[in-house]
Amino acid sequence: QVQLVESGGGLVQAGGSLRLSCTVSGWILRVIDVGWFRQAPGKQREWVAGIASGGSTGYADSVEGRFTISRDNGKNTVYLQMNSVKPEDTANYYCKTSWAGSDYWGQGTQVTVSS
């Protein structure tokens, strides 16, 4: 069983910054890929960014150049640094991984960007 716990969400003004954390249970972070997703009210959940076990990263076009995903295996944590946030970044943010054929999601953390 893999558990993921997100934190760091909150209210931020447009143009500001926020850092989200995703803490993964146990030792497996170093061998798994982790992704950040978000879901706004009335919209489908969408992929935001991902980081592979080897460290390579990818971003959705909508956040490229503004968000940065990173990992600290020693702290079992993946981060999403959000800079120059926009009102359209408002959503519930989730981290997700896959292990032994199953997908695991955290409970989400709410990010609200005021204009």
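One can find the structure itself at the top, above this paragraph.
A few points on the structure.

The rules we used
Residues numbered from 1 in each chain as written. Predicted model: local features only at pLDDT ≥ 70, side-chain atom pairs only at ≥ 80, totals over all residues. Heavy atoms only, no water. Helix = DSSP H or I, 4+ residues; strand = E, 2+ residues; numbered from the N terminus. Disulfide = S-S within 2.5 Å. Buried < 20%, exposed > 50% of the residue type's maximum accessible area, 1.4 Å probe, protein only. Salt bridge = Lys/Arg side-chain N within 4 Å of Asp/Glu carboxyl O.

With that out of the way, let us pick up unusual backbone geometry. Non-glycine residue Asn-76 carries a positive phi angle of around 55 degrees. Mapped onto the fold, Asn-76 is located in the loop between strand S7 (67-72) and strand S8 (77-82). Of note in the backbone geometry, Ala-100 takes a positive phi value of approximately 50 degrees without being a glycine.

On to the state of the cysteines, then. Within this structure, the stated rule accounts for one disulfide. With its sulfur 2.1 Å from that of its partner, Cys-22 forms a disulfide with Cys-95. Note on the Cys-22 and Cys-95 pair: the S-S dihedral is about 75 degrees, so by sign convention the disulfide is right-handed. Residue Cys-22 is found in strand S3 (residues 18-24), and its partner Cys-95 is found in strand S9 (residues 91-99); the two are separated by 73 residues along the sequence. Residue Cys-22 shares its accessibility class with Cys-95, and that shared class is buried.

Applying the stated criterion across every chain yields a total of four salt bridges. In this structure, the salt-bridge partner of Asp-89 is Arg-38, at a minimum N-O distance of 2.9 Å. Residue Asp-89 is found in the loop between S8 and S9, and its partner Arg-38 is found in strand S4 (residues 34-39); the two are separated by 51 residues along the sequence. Arg-38 carries the same exposure label as Asp-89, and that label is buried. Between Asp-103 and Lys-96 there is a salt bridge whose closest N-O contact spans 3.9 Å. One salt-bridge network, in which partners are shared between bridges, spans Arg-38, Glu-46, Arg-66 and Asp-89.

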